[in-house]
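# Architecture and fold: a report
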Amino acid sequence: MTELPTAVLFDMDGTLVDTEPDWIATEPALVEAHGGAWTEADSIALIGSDLLDAGEYIRRRGGLDMTAAEVVEHMVGRMRDSLGNGVTWQPGAQELLMALAAAKVPTALVTMSYRVLTDAVLEWAPAGAFQVVVTGDEVDNGKPDPEPYQRAADQLGVDIADCVIVEDSRTGVRAGMASGAHVIAVPHTVPIEAEPDLVIVDTLVGLTPTDLMTPFLDHA
């Protein structure tokens, strides 16, 4: 039996586009410029997080004389400059988006990046790739809270339980699982531990729209 997902909700950074190295580079640069210390573990702890939560972590960890919002403003500015030069798509991402469009499967982009950064990425995306976009500055509670994914499903007019979420981070997976959707993890910067009902794949390369739903039919 083959079946298409009702809708597919994608994370952005690390899942569709390889922006995580740019995010990670902005963190130690800011902290060290203010005389603080930063580690790889600190960067890993923030992957997939709400930006204000990340800003507060960076402010406290680095002892910065800045508010969390000021930290975020600095990081967003650095990232906006970087994205102006183009983006690196994760292998298989553009092909999967185009296949979903051809199959008429609704899609949403659900990211903790702010709208200004998301729009910069969307300039490089296939035309009409997403029917709904939810960004970190448009929700009350960011990932790992399920609100961003639930809001995307509501805007698409679909039941979240019938959706497939594609994520690369532990924080994003937690948000997806809490939402009640089916979740596929494509680990990128950090490994993701196996757990019941979570499907983990190595890459988006070669995945078709029906491939996104088949593992969950097999487990039903």
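Heads up: the structure comes first, above all this text.
None of these values were measured; they are calculated from a predicted model.

Once that is clear, we can look at the nonpolar core. Ranked by size, the top nonpolar core spans 47 residues in total, and within it Phe10, Leu16, Ile58, Trp89, Phe130 and Ile184 carry the most contacts. Elements with a minimum of two residues in this core: strand E1 (7–10), helix H1 (20–33), helix H3 (51–62), helix H4 (68–83), helix H5 (93–102), helix H6 (115–122), strand E4 (163–167) and helix H9 (209–218). Residue contributions to this core peak at six residues, all from H4. Those residues in contact with Ile58, other than ones at most four positions away along the chain, are Glu27, Leu30, Val31, Trp38, Leu46, Gly63, Leu64, Val71 and Met75.

Read across the open sheet, the six strands follow the order E3-E2-E1-E4-E5-E6; overall the sheet is parallel. Single-partner strands in this sheet number two, and they are strand E3 (132–134) and strand E6 (198–200). The mean angle between the axes of side-by-side strands here comes to 20 degrees, regardless of whether they run parallel or antiparallel. As judged from the three bridges shared by E1 and strand E2 (residues 107–110), these two strands associate in the parallel manner. Bridge pairing links Phe10 to Leu109 in E2. Those strands touched by helix H7 (residues 147–156) are E1, E2, E3 and E4, and its axis lies near 155 degrees from that of E3.

Now for H7. What H7 keeps buried is the set Glu147, Pro148, Tyr149, Ala152, Ala153 and Leu156. Considering only its buried residues, H7 is in contact with E1, E2, E3, E4 and helix H8 (170–179). Two residues or fewer after H7 comes Gly157, characterised by a positive phi angle close to 75 degrees.

On to the packing of aromatic side chains, then. By convention here, two paired aromatic rings are described through the distance between centres and the angle between planes. The final tally for this structure, using the stated rule, is two aromatic pairs. Measuring from ring centre to ring centre gives 5.9 Å for Trp38 and Tyr57, while their planes differ by 85 degrees; the resulting arrangement is edge-to-face. Taken as a pair, Trp38 in the loop between H1 and helix H2 (40–46) and Tyr57 in helix H3 lie far apart in primary sequence, 19 residues in all.

Moving on: the pairing of E2. Of the two faces of E2, both are covered, the one formed by Thr107 and Leu109 as well as the one formed by Ala108 and Val110. Relative to E3, E2 is paired through three bridges, and the arrangement is parallel. Counted as the bridge partner of Leu109 is Val133 from E3. Handedness of the β-α-β unit built from E2, H6 and E3 comes out right-handed.

Criteria and thresholds
- Residues numbered from 1 in each chain as written.
- Predicted model: local features only at pLDDT ≥ 70, side-chain atom pairs only at ≥ 80, totals over all residues.
- Heavy atoms only, no water.
- Core = buried A, V, L, I, M, F, W, Y, C linked by side-chain atoms within 4.5 Å.
- Buried < 20%, exposed > 50% of the residue type's maximum accessible area, 1.4 Å probe, protein only.
- Helix = DSSP H or I, 4+ residues; strand = E, 2+ residues; numbered from the N terminus.
- Contact = heavy atoms within 4.5 Å.
- Pairing = 2+ DSSP bridges.
- Axes fitted to C-alpha atoms, helices over the stretch in contact; angles between N-to-C directions.
- Phe/Tyr/Trp six-rings, centres within 6.5 Å; stacked < 30°, edge-to-face > 60°.
- Right-handed = clockwise from strand over helix to strand, strands pointing away.

The values reported here are purely geometric and, on their own, carry no functional implication.
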